[in-house]
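Here are the chains, one letter per residue:
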Amino acid sequence: EAQVTQNPRYLITVTGKKLTVTCSQNMNHEYMSWYRQDPGLGLRQIYYSMNVEVTDKGDVPEGYKVSRKEKRNFPLILESPSPNQTSLYFCASTRLAGAEETQYFGPGTRLLVL
Amino acid sequence: AQKVTQAQTEISVVEKEDVTLDCVYETRDTTYYLFWYKQPPSGELVFLIRRNSFDEQNEISGRYSWNFQKSTSSFNFTITASQVVDSAVYFCALSFINDYKLSFGAGTTVTVRA
């Protein structure tokens, strides 16, 4: 079954405690990205990756890091989380330059930073 | 830069009524994709449709239909004979072809009452 998985699904943490949200896809997609969803703001892209070792900033990259060492994984790293990073996070993947450029989204990770 | 506007924040209807969700977009590019996603109360993002800017044909899928009018930069979505299970937040989004970053509207919350 084609899917994008994220872990953890729910996380409560404290300011300054480094955390990583994992994202993995089993569709051999080249493109992966992270979005955050906040009330009234819709979804905004944080970072994206066009392929292994190729990453770039989206609209709201401040306070986040990513890496793409393997094609299937695209972890989101918060080195020093702050309360304004409390949000719902989605990972997405899609095939590049294909006939079916559908973006598949993971189930979401709800993060609360105290 | 591109922008997607969903002017309707919330719509409430009684079951079996039709409901139309408006989506207006701005882009200087001539080639792009338009999308609709559904986010039910459970929180996941469900892909509904992708439309290429070259293709202005309207589309119908069951009780869902989409009206794409390039002249007015609109991509409206109609649910016919709404059901309680249609209650969700619906997002319209745009991406450039070969760019893949999705720019989302703020979403429209649809509530269908029994």
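Going by the structure above, here's the rest.
Residues numbered from 1 in each chain as written. Chains lettered and ligands numbered in written order. Predicted model: local features only at pLDDT ≥ 70, side-chain atom pairs only at ≥ 80, totals over all residues. Heavy atoms only, no water.

Structural notes on the nonpolar core
Proteins that are soluble and globular tend to have nonpolar side chains buried together. Grouped together as the largest cluster of nonpolar side chains are 25 residues, with contacts concentrated most on B:Leu21, B:Trp36, B:Trp66, B:Phe77 and B:Tyr90. Elements represented by at least two residues in this core include exactly β2 (10–14), β3 (19–21), β5 (32–39), β6 (46–52), β8 (64–69), β9 (74–79), β10 (88–96) and β12 (108–113) of chain B. The greatest single-element share of this core, amounting to five residues, is contributed by β10(B). If sequence neighbours within four positions are ignored, B:Trp66 has contacts with B:Trp36, B:Leu48, B:Ile49, B:Asn58, B:Glu59, B:Ser61, B:Phe75, B:Asn76 and B:Phe77. Counting 19 residues, the second largest nonpolar core, distinct from the first, contains A:Val4, A:Val21, A:Tyr47 and A:Tyr89. (Core = buried A, V, L, I, M, F, W, Y, C linked by side-chain atoms within 4.5 Å. Buried < 20%, exposed > 50% of the residue type's maximum accessible area, 1.4 Å probe, protein only. Helix = DSSP H or I, 4+ residues; strand = E, 2+ residues; numbered from the N terminus. Contact = heavy atoms within 4.5 Å.)

Description of the state of the cysteines
A full pass over the atoms with the stated rule returns two disulfides over all chains. The disulfide bridge from A:Cys23 ends at A:Cys91, spanning 1.8 Å between sulfur atoms. What sets the handedness of the A:Cys23 and A:Cys91 disulfide is the S-S torsion sign, and at about -70° it is left-handed. Separated by 68 residues along the polypeptide, A:Cys23 in strand β3 (residues 19–25) and A:Cys91 in strand β9 (residues 87–94) bring together distant segments of the chain. Comparing A:Cys23 with A:Cys91, the two get one shared label, buried. Residue pairing for B:Cys23: its cysteine sulfur links by disulfide to B:Cys92, the two sulfurs lying 1.9 Å apart. On the sign convention where negative is left-handed, the bridge of B:Cys23 and B:Cys92, at about -65° about the S-S bond, is left-handed. With B:Cys23 in the loop between β3 and β4 (24–26) and B:Cys92 in strand β10, this pair connects stretches of sequence that are 69 residues apart. This pair shows no difference in class: B:Cys23 is buried, exactly as B:Cys92 is. (Disulfide = S-S within 2.5 Å.)

A few points about the pattern of salt bridges
Summed over the entire model, instances satisfying the criterion amount to seven salt bridges over all chains. Several salt bridges share partner residues, and in doing so they unite A:Arg36, A:Asp38 and A:Arg44 into one network. (Salt bridge = Lys/Arg side-chain N within 4 Å of Asp/Glu carboxyl O.)

Digging into the interface of chain A and chain B
The interface is formed by 22 residues belonging to chain A together with 18 residues belonging to chain B. Seen at the junction of chain A and chain B, the total is one salt bridge. When the shortest N-O distance is used, the salt bridge between A:Asp59 and B:Lys101 registers 2.8 Å. In terms of residue count, strand β5 (residues 42–51) of chain A provides more of the side of chain A that touches chain B than any other element does, four residues in total. Of the residues assigned to the side of chain A that touches chain B, the class counts are 11 nonpolar, seven polar and four charged. (Nonpolar A, V, L, I, M, F, W, Y, C, P; charged D, E, K, R; others polar.)

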